[in-house]
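# Observations on the model geometry
Letter by letter, the chains look like this.
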Amino acid sequence: MNTNEHVVILGAGPAGLATGHELSVSGVKVSVLDRNDFVGGLCNTNNYKGYKFDLGGHRWFSKNEDLNDWFRRLMGDEVVWVQRISRIYYDGGYYLYPISILNVIKNAGIPTIIHAGLTYLWSALQYSIFDKSINNMKDAYVAQFGGKLYDMFFRRYSEKVWGLPCEKLSSDWVSQRSAGLSIWTVIQESLMKTKSDNESLIEEFMYPRDGYVRIPQRMAEDIVAKTGPDSVLLGSTVTRIKYVGPNDFEIVYRKPDGEEYSIKATTVVSTIPLGVLPRIMEPACDQKVIDAAKGLSFRALITVNLILSKERVSIDTWLYVQDEDILFGRLHEPKNWSPAMIPDQSTTSLVLECFCTKDDHIWNMTDEEVGQRCIDDLKKKLKFIETSDVIDFSCVRTLQAYPVYDLEYADKIGLINDFLGQFEGLHIVGRGGTHRYNNADHSIEMGLLLGRKILGYDVDHMDVNTEPEYQEIKRSNDSKRDFYKLEEESD
């Protein structure tokens, strides 16, 4: 790239910053704009009275060891290793996650296992022998696990997260998140104690000692060090993107005081939600694209952050809460991830995730109502705490947290991408930017790859998070990607 190149990145989340990081270490001029007054996007860590609360639990794990090496170089001595213990709360009982047949037998009994086996045989007959089509999320889960295990461990939680019946959600979610996982792999792992050529990634993971926001903060620090203090512009809301011609853009953005500014770019990298981006492009899109963009939906999130006068609530890394009458769907205890997340080791804290949609009945509750309801559920239903244990709590509200995979989402994305494809020099990346449910490591990997692509390497960042196998299992002979080695050599 020549010295006239200027890459403007819209969004200081993990994907945008990773793109900027990769480009800046190669000497490319980079500017990152974000509407927030902090970096990280969904990978944020809120500090409340000295207690650190991630915006939901984010862990670092990747099947790509070169990417893991990149992460360790970035974070240095801030990395801690965390033993993972995850459970599902279902009808008053606790089950290990990922599912263990022996654990299900112990908690639910032999009759339940027999029922699960019979429903799986019936689903195998339907989907394998008679080739029944898989049309939605329910079909995909039932084909993998049978009707009973689907109802016990997937239906309730999925519908709690997405706010829709599984019959109205795309099967793409299942293929993306649990491809290759089935009742047979569960039996193999839990009964036969064999893992063939698979290596589990679920027993432990890496985590930044002081919260997940340290990853985007470290990337932003490196970008500023390489390209100057004005290379990361916070409090900058992008209002228009004018396409002048190939690799020639003008980005208009507004500061908190209402004043508008503009910046020229030869390349634009957008992490703006895919449903928003086409509506701020000039020349404008037609009504079909507008309708498709408006049709892409997100679930919102309210995280209730509790400070408790207890040393520990549980040993769990995560607890997935299936029951519909409990307001939150997942909880984690930051102290179990890193002791540095709390200032007083005689106390502990919890993050409770309440999935919702803007303006629904949960979103319209006051912070006090949401907090008190969660405290009541912890006390009366899970029996984790007493009301007197609660020192304080705060609530954080997040829009556009989870891209929804409804039955028409792929067609909508296709229309939008066709429109965006006419703007030479415009790239999309990240969870919201591509409307793809990425883990943080996926978004960072996409960003690093996009940086390489802009530098001229023959790579495709859109291939990330499309592997046709379970995301938490890697084969011992998985290949490594040479471009990370190239990045290491350029350090």
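A brief report on the enclosed structure follows. (Residues numbered from 1 in each chain as written. Predicted model: local features only at pLDDT ≥ 70, side-chain atom pairs only at ≥ 80, totals over all residues. Heavy atoms only, no water.)

### Looking at the overall build of the protein
Keep this limit in mind: Secondary structure elements follow DSSP: runs of H or I of four or more residues count as helices, runs of E of two or more count as strands, with numbering from the N terminus. Note on contacts: a residue pair is in contact if any heavy atoms of the two residues lie within 4.5 Å. Method for areas: the Shrake-Rupley scheme with a 1.4 Å probe, in which residue coverage is limited to the protein chains shown.
The number of helices and strands found in the protein is 14 helices and 22 strands. Restricting to contacts in the protein with at least 6 residues of sequence separation, those with at least 24 account for 72%. Carbon and sulfur atoms make up 51% of the accessible area of the protein, which totals about 20,500 Å².

### Regarding the sheet that holds strand S17 (residues 318–321)
Applicable threshold: DSSP bridges decide pairing: two strands pair if at least two such bridges lie between them. Here, axes are lines fitted to C-alpha atoms. For helices the fit covers the stretch in contact, and angles between N-to-C directions go from 0 to 180 degrees.
Taken in spatial order, the 7 strands make up an open sheet running S7-S6-S17-S18-S19-S16-S20, and their pairing is mixed. Looking at strand neighbours, the two that pair on one side only are strand S7 (93–97) and strand S20 (390–403), the edges of this open sheet. In this sheet, neighbouring strand axes are inclined to one another by 20° on average, regardless of whether the strands run parallel or antiparallel. The sheet contact formed by strand S16 (residues 298–308) and strand S19 (residues 348–356) spans 9 bridges and is antiparallel. For leucine 308, the partnering residue across the bridge sits in S19 and is threonine 348. Relative to strand S6 (residues 86–90), helix H5 (residues 137–162) is tilted by about 90°, and along the sheet it contacts S6, S7, S16, S17, strand S18 (330–332), S19 and S20. The sheet contacts of helix H10 (residues 367–380) involve S16, S18, S19 and S20, and relative to S20 the element is tilted by about 110°.

### Comments concerning the pairing of strand S12 (residues 248–254)
Consecutive residues of a regular strand have side chains that alternate between opposite faces of the sheet. Here strand S11 (residues 237–245) runs beside S12; their pairing, made up of 7 bridges, is antiparallel. Bridge pairing in S12 places threonine 237 opposite arginine 254. Connecting S12 to the next strand, strand S13 (residues 260–265), in antiparallel fashion are 5 residues, including glycine 258 with a positive phi near 90°.

### Things to note about the sheet that holds strand S21 (residues 426–428)
In a beta sheet, neighbouring strands are held together by backbone hydrogen bonds and run either parallel or antiparallel to one another. Reading across from one edge, S10-S2-S1-S14-S21 is the order of the 5 strands in this open sheet, with parallel pairing throughout. At either margin of the open sheet sits one strand with a lone partner, and together these are strand S10 (232–233) and S21. Sheet analysis places strand S2 (residues 29–33) next to S10, joined by 2 bridges and oriented parallel. Directly across from leucine 33, in S10, lies its bridge partner leucine 233.

### Focus: the pattern of salt bridges
Convention followed: We define a salt bridge as a side-chain nitrogen of Lys or Arg found within 4 Å of a carboxyl oxygen belonging to Asp or Glu. For every residue, the accessible area (1.4 Å probe, protein chains only) is compared with the maximum for its type, and the residue is labelled buried under 20%, exposed over 50%, or partly exposed between those bounds.
All told, the structure shown has 28 salt bridges when counted by the stated rule. The closest approach of N and O atoms between aspartate 316 and arginine 87, which form a salt bridge, is 2.7 Å. With a gap of 229 residues between them, aspartate 316 in the loop between S16 and S17 and arginine 87 in strand S6 connect regions that are remote in the sequence. Overall, aspartate 316 belongs to the buried group, its relative accessible area being 1%. A relative accessible area of 21% places arginine 87 in the partly exposed class. Measuring nitrogen to oxygen at the nearest pair gives 2.5 Å for the salt bridge that ties arginine 155 to aspartate 151.

### Side note on the pairing of S19
Counting buried positions over the 9 residues of S19 gives 9, a clear majority of the element. A two-sided burial pattern is seen for S19, the buried positions comprising Thr348, Leu350, Leu352, Cys354 and Cys356 on one face and Ser349, Val351, Glu353 and Phe355 on the other. Where S18 lies against S19, 3 bridges are found, and the strand directions are antiparallel. Its bridge partner being in S19, leucine 331 is matched across the sheet by leucine 352.

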